[in-house]
Amino acid sequence: LRSHPNWIKSDIINQLESKFSSHNRTFIRKITQLRELIRPPKPAYPDLDWDFETMLDWAVEVYMPYQAWCDKQEKFDPEIFQIGDKFSEWLVHHWEDIHANSNRMVFNILPNNALAMKRQDVINLVIVIDNFGWSFYRILKDLFQEQGIYLADIEPYIAMIPSETEISKKCLLSGEIGYQAINNKAYSDIVEKGWVPYFNDHKFQYIADIGGLSNINSIEASTYVVNYLAVDRAMHKSADEIGMSHRDHIQYLLEKLVENCMDFIDQHGIIEKINIHIVSDHGATRIPATISNDLDPDFFKTKDIDIRSRRYAAVSHEVYNNLPDNLKFDCFFISANEYLLPQNMLCARRANRFLPTDKDTYVHVVLFPEEMIAPYC
């Protein structure tokens, strides 16, 4: 079947699962790998007049399965960047309303789940996985399920614009509606001091990485918030650097994440009390060098434009106010005041970039669905 992927259909995979049903992890993964070879239908362009729920359903159920398949199989469809840009355009056009009224921004995650987290009989373990896109949540779901911990719910949330860690993660952890509103910028202070009044003295403890769970000698907090950076670090390296495909490496990292969580649960005997929350600040995408770039990098080589990554740049007010209107076709103009940012931003549209890219590293900060939709599990 691997040699003839055009033979693979869902009913064949279902028959294999039925015929050879087993709890063997290796077998289950082989079946999963075969199922991933099935090409999903190519999405049609979304309608810019769709409401919030319709657009999110399209992005999660139609667009991202196809985009993730292209990424996994390294069969990049140039049109997918045009299709994704329609979502980006819709997001910018409706941003004020979505930001104010949707209740599905990343800064809504903790407040939305306050009642469940304040229960007296629950220990909450909140794992903040940096750069954990929607397409990866199934890996984590299966790994926890193997340990007898099951997915109760999953919801898509919208990252901040731009989908950059410094901005989106701090809004997520603080519950603030924009970066300008965050007074204290240290993660530990945001978590351990900022939420105490909201959660009625419900104690939060911040842990800088997953290994820190093993240093907890006794359960004194009600909620432990773990900042997990390993996935993001891997995504920003090439496949050659990490010695395997990104997906295989992320599988390994998530296996170790689950092991650490289970060790913490077993060490303190809290399997009947644990409630695990998986959150993320944003996702990422890949743009091969072969995809055309409509931007002229030389135009942006000025001291007044600070190129922060391949896909976004900070600009001074003077330059921002004098940018030519025709540039709006190739970039989104992100105003500091409108988006509550420290600086004005330029975010590249479609597959455009300010610096060269290759297909072996992931980029983010712009507005494709795979970058902007973060899972809460």
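Scroll up to find the structure.
Worth saying up front: this structure is predicted, and the values here are computed from it rather than measured.

Asker: Lay out the overall build of the chain with the relevant residues and their values.
Answerer: In terms of helices and strands, the chain carries 16 helices and 10 strands. Since a compact globule built from 377 residues should have a radius of gyration of about 21 Å, the 21 Å found for the chain is in line with a globular shape. For the C-alpha atoms alone, the extent of the chain along its principal axes is close to 60 × 60 × 40 Å. Taking all 377 residues of the chain together, 52% fall into the buried category. Split by element, the accessible area of the chain, about 17700 Å² in all, is 47% carbon and sulfur. Of the side chains in the chain, 38 bear a positive and 54 a negative charge, and the two mean positions are spaced by 5 Å.

Asker: Pulling in residues and values, what's your account of the pairing of strand 9 (residues 344-348)?
Answerer: Most of strand 9 is tucked away: 5 of the 5 residues are buried. Of the two faces of strand 9, the one lined by Asn-344, Leu-346 and Ala-348 and the one lined by Met-345 and Cys-347 are each fully buried. Pairing of strand 7 (residues 312-315) with strand 9, which is carried by 4 bridges, proceeds in the antiparallel orientation. When the bridges of strand 9 are listed, Val-315 appears paired with Asn-344. Bridge analysis of strand 8 (residues 331-334) against strand 9 gives 4 bridges, and the strand direction is antiparallel. Within strand 9, the residue paired with Ile-334 across the bridge is Met-345.

Asker: Could you give me a rundown of the environment of Asp-240, with the residues and numbers involved?
Answerer: Positionally, Asp-240 belongs in helix 12 (residues 239-242). By relative accessible area, Asp-240 is classed as exposed at 69%. Along the sequence, Asp-240 and Thr-361 sit 121 residues apart, while their C-alpha atoms lie 9.9 Å from each other.

Asker: How would you sum up the nonpolar core? Please name residues and give values.
Answerer: Of all hydrophobic cores here, the largest spans 109 residues; its most connected members are Leu-125, Ile-127, Ile-129 and Leu-254. The leading source of residues in this core is helix 3 (residues 52-73), at 11 residues. Setting aside chain neighbours within four positions, we find Ile-129 in contact with Leu-140, Tyr-228, Val-231, Leu-254, Leu-257, Ile-278, Val-279, Ser-280 and Asp-281. Among the nonpolar cores identified, the runner-up in size contains 14 residues, and Val-319, Leu-323, Leu-327 and Ala-348 belong to it.

Asker: Go over the packing of aromatic side chains, please, and point to the residues and values.
Answerer: Overall, the coordinates contain 14 aromatic pairs when judged by the stated rule. Consider the rings of Tyr-157 and Tyr-376, whose centres lie 6.3 Å apart with planes at 90 degrees: the pair is edge-to-face. Residue Tyr-157 is located in strand 2 (residues 155-158), and its partner Tyr-376 is located in strand 10 (residues 373-376); the two are separated by 219 residues in the primary sequence. We note that Tyr-157, like Tyr-376, is buried. Aromatic side chains Tyr-320 and Phe-333 sit 6.0 Å apart centroid to centroid with 50 degrees between the ring planes, which places their arrangement in the tilted category. Of the two residues, Tyr-320 sits in helix 14 (residues 317-321) while Phe-333 sits in strand 8, which places them 13 residues apart along the sequence. Of the two residues, Tyr-320 and Phe-333, both sit in the buried class. A connected cluster of aromatic rings, assembled from ring pairs, spans Trp-50, Trp-58 and Tyr-63. Cation over ring: Arg-104 sits above Tyr-157, and NZ or CZ is 5.6 Å from the ring centre. Lying across the ring of Phe-329, Arg-350 places its NZ or CZ 4.4 Å from the centre.

Asker: Pulling in residues and values, what's your account of the packing of helix 1 (residues 10-19) against helix 2 (residues 25-35)?
Answerer: Two elements in contact, helix 1 and helix 2, have axes separated by 10 Å at closest approach and are oriented at 175 degrees. Here helix 1 is positioned roughly antiparallel relative to helix 2, judged by the angle of their axes. Between helix 1 and helix 2, the contacting residues are Ser-10, Ile-13, Asn-14, Leu-16 and Glu-17 on the first element and Phe-27, Ile-31, Leu-34 and Arg-35 on the second. Of the residues that constitute the contact of helix 1 with helix 2, the class distribution is 5 nonpolar, 2 polar and 2 charged.

Asker: With reference to specific residues and values, describe the pattern of salt bridges.
Answerer: Under the criterion given, the structure shown has 20 salt bridges. A salt bridge links Arg-35 to Glu-17; its shortest N-O distance comes to 2.9 Å. Of this pair, Arg-35 sits in helix 2 while Glu-17 sits in helix 1, and the two are 18 residues apart along the sequence. The exposure class of Arg-35 is partly exposed, given its relative accessible area of 30%. Its salt-bridge partner being Glu-166, residue Lys-170 comes within 2.8 Å of it at the nearest N-O pair.

Asker: Describe in detail helix 9 (residues 165-174), supporting the description with residues and values.
Answerer: The element helix 9 is extensively covered by neighbouring structure, given that 9 of its 10 residues are classed as buried. Restricting attention to buried positions, one finds in helix 9 the residues Thr-165, Ile-167, Ser-168, Lys-169, Lys-170, Cys-171, Leu-172, Leu-173 and Ser-174. Looking at the packing, one finds that the buried side of helix 9 touches helix 6 (109-112), strand 1 (123-129), helix 10 (187-194), strand 4 (223-228) and strand 5 (274-279). Put simply, Glu-164 is the residue that caps the front of helix 9, since its side-chain oxygen is 3.1 Å from the backbone nitrogen of Glu-166.

Asker: Pulling in residues and values, what's your account of the side chain of Ser-335?
Answerer: Within the fold, Ser-335 resides in the loop between strand 8 and helix 15 (336-339). For Ser-335, a relative accessible area of 17% gives the class buried. At 3.4 Å, the side chain of Ser-335 forms a polar contact with the backbone nitrogen of Asn-337. Dropping the residues within four chain positions of it, Ser-335 is found in contact with Tyr-320 and Asn-344.

Parameters at a glance
Residues numbered from 1 in each chain as written. Predicted model: local features only at pLDDT ≥ 70, side-chain atom pairs only at ≥ 80, totals over all residues. Heavy atoms only, no water. Helix = DSSP H or I, 4+ residues; strand = E, 2+ residues; numbered from the N terminus. Rg over C-alpha atoms; globule rule 2.2 N^0.38 Å. Buried < 20%, exposed > 50% of the residue type's maximum accessible area, 1.4 Å probe, protein only. Areas by Shrake-Rupley, 256 points an atom, 1.4 Å probe, with all protein chains shown as cover. Lys, Arg positive; Asp, Glu negative; His and termini not counted. Charge placed at Lys NZ, Arg CZ, Asp CG, Glu CD. Pairing = 2+ DSSP bridges. Core = buried A, V, L, I, M, F, W, Y, C linked by side-chain atoms within 4.5 Å. Contact = heavy atoms within 4.5 Å. Phe/Tyr/Trp six-rings, centres within 6.5 Å; stacked < 30°, edge-to-face > 60°. Lys NZ or Arg CZ within 6 Å of the ring centre and 35° of its normal. Axes fitted to C-alpha atoms, helices over the stretch in contact; angles between N-to-C directions. Parallel < 35°, antiparallel > 145°, perpendicular 65-115°, else oblique. Nonpolar A, V, L, I, M, F, W, Y, C, P; charged D, E, K, R; others polar. Salt bridge = Lys/Arg side-chain N within 4 Å of Asp/Glu carboxyl O. Polar contact = N/O pair within 3.5 Å; in protein donor to acceptor, adjacent residues only side chain to side chain.

The values are spatial; any link to function lies outside them.
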